Amino acid sequence: MARPGAPNAAPPPFASSAAQRAALDAALERGVLALVDIGTAKATCLICRIDRNQIGEGAAGLGGFGAARIVGAGVNRARGVRLGAVVDMEEAERAVRAAVDQAQRDSGEKATHAVVTLSAGYPRSHALTGETAVEKESVSERDLSRAVAACRPPSEGDGREILHAIPVNWSLDAEPRVRDPRGFAGRRLGVDLHVLTVAEGAVRNLALVLRRADLALAGAAATGYASGLACLAEEELEDGAACIDLGAGATTIALFLRRHLVFADALRFGGEHITQDVMRAFGLAFPDAERLKVLEGAAVVGEGAGRQRIEAAFDLGRFNGQPPTRADLATAIRPRFEETLVLARDRLEQAGFAFLPSRRVVLTGGGAQLKGAVEAARAVFGSQVRIGRPLRIGGLPPQFSGPAFAAVAGLATYAVRAPDAVWSAPRDGAKGGAAAPRWGGLFRWLKDTW
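Residues numbered from 1 in each chain as written. Predicted model: local features only at pLDDT ≥ 70, side-chain atom pairs only at ≥ 80, totals over all residues. Heavy atoms only, no water.

K.L.:
Before we go on, may I ask you to explain the sheet that holds strand β11 (residues 216–222) in this structure?
P.N.:
In space, the five strands of this open sheet follow the order β3-β2-β1-β6-β11, with mixed pairing throughout. Strand pairing shows two members of the sheet lacking a second neighbour, β3 (68–77) and β11, which therefore form its edges. With strand direction ignored, the average angle separating the axes of adjacent strands in the sheet is 20°. Here strand β2 (residues 42–50) runs beside β3; their pairing, made up of nine bridges, is antiparallel. Note on β3: the bridge partner recorded for Arg-49 is Arg-69. Helix-sheet contacts for helix α4 (residues 200–212) involve β1 (32–38), β6 (113–118) and β11, and the interaxial angle to β6 is about 140°. Across the sheet, helix α11 (residues 406–417) touches β1, β2, β3, β6 and β11, and the angle it forms with β1 is around 140°. (Pairing = 2+ DSSP bridges. Helix = DSSP H or I, 4+ residues; strand = E, 2+ residues; numbered from the N terminus. Axes fitted to C-alpha atoms, helices over the stretch in contact; angles between N-to-C directions. Contact = heavy atoms within 4.5 Å.)

What follows is the structure, given as structure tokens:
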């Protein structure tokens, strides 16, 4: 008999969002959850122990951080992933299985369910509104679900599915900014909903990779979203900030306001593209170019860099009979790095970044570790920029506490916060409500709402 997930075994049915929520609830009840990041450069797994009694109000706000603690970690060189998407199922399985096995040995725990990051799938953000009549004297959970159900999903054709559906604002009798309307008296309940859709194949392929590694999918989070949950400070989450995760195969963007994700996107540019530029500039093999970029590279040409020669253990070629300078290397790196930041800035401006009370930018991901990354970003954004590292995640080993591991660490917060659980709740349809989709970007919605 073939083991589950073997190439000749029938693929398991894909779990719906409601089924994923049920799987996550089961994992939280059991108290052990795997956090998995399947990137282009590395596969990472953290084993998270959950204390259900400490989650408290974590599902409604940003509390409950003490409920999650990392007890094991594993990382392995990635295989089978290109531009953040799975392209070779067997190779991706080997990479994930190695990371999961290492993390489980480290923790002494066996995880059966996993939450995973998603960088691929061409994410698209939509702002929707819905309204319903309050059935009884005060707002109930059922009313919340009916208001959300009144939001007509975006018409994008076949092959797309909802990854996140997050109520970012509630109104009661036209009074906006009600953080949690449950228990309030009123007649009409309204909701502003941020819906993030992705290509369904991207999520299903991640689910298949996890299944082959003996893990059931209990949820997926956009990479930039997870990174922001891990790295943004309380005031940044409240007043508005952009988190840009500079990964190896893709750059993901997440915009936060009033503690909610209000926009997300992804660029098919990453650190590997910069490494390829270094390869061409110096005639190196990819591993040597990557090592040179990491150890000696910079995103800006520093003072005196033109006089500093690079001596390396491999042949860098000659520039007029001399080893290249650090300025030569920065000149090879800077155009692609700046191009990526400019594209990210353009996407954020379309989403309404300029309307935020605070226009901070936080860089995470492995690319954020490049020397001069903050200076290059400040030149592009003209705003406050800093490097983001995981916050509020207990038990995280020191070697996993840098920006390269922000996304996988943020999955712990995502798991206990469950911000889009209301979307998966049983719904009666749109009785008593009307949907009012708003298209053409989120900027008008942000400006009107906040």
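K.L.:
Help me out: how do you make sense of the sheet that holds strand β15 (residues 360–364) in this one?
P.N.:
To summarise the sheet geometry, strands pair through backbone hydrogen bonds and adopt either a parallel or an antiparallel arrangement. If you walk across this open sheet you meet the five strands as β14-β13-β12-β15-β16, and the pairing is mixed. Each edge of the open sheet carries a strand with a single partner, namely β14 (260–267) and β16 (385–387). Adjacent strand axes in the sheet meet at a mean angle of 20°, parallel and antiparallel pairs treated alike. Pairing of strand β13 (residues 251–257) with β14, which is carried by seven bridges, proceeds in the antiparallel orientation.

K.L.:
How should the pairing of β11 be read in this particular structure?
P.N.:
When a strand is regular, its side chains alternate between the sheet's two faces. Where burial is concerned, most of β11 is hidden: six out of the seven residues are buried. The sheet contact formed by β6 and β11 spans five bridges and is parallel. Bridge pairing in β11 places Val-116 opposite Ala-220. (Buried < 20%, exposed > 50% of the residue type's maximum accessible area, 1.4 Å probe, protein only.)

K.L.:
Where do I start with the packing of aromatic side chains in this structure?
P.N.:
Where two aromatic rings form a pair, the distance of their centres and the angle of their planes describe that pair. The full count for this structure, using the stated rule, is three aromatic pairs. Note on Tyr-225 and Phe-256: the rings are 5.9 Å apart at their centroids and 45° apart in plane angle, and the pair reads as tilted. Of this pair, Tyr-225 sits in helix α5 (residues 223–231) while Phe-256 sits in strand β13, placing them 31 residues apart in sequence. Of the two residues, Tyr-225 and Phe-256, both sit in the buried class. Of the aromatic side chains, those joined through ring pairs into one cluster are Tyr-225, Phe-256 and Tyr-414. One Lys or Arg, Lys-42, reaches over the ring of Phe-405 and ends 5.1 Å from the middle of that ring. (Phe/Tyr/Trp six-rings, centres within 6.5 Å; stacked < 30°, edge-to-face > 60°. Lys NZ or Arg CZ within 6 Å of the ring centre and 35° of its normal.)

Interpretation note: all reported values are geometric properties and have no functional meaning in isolation.
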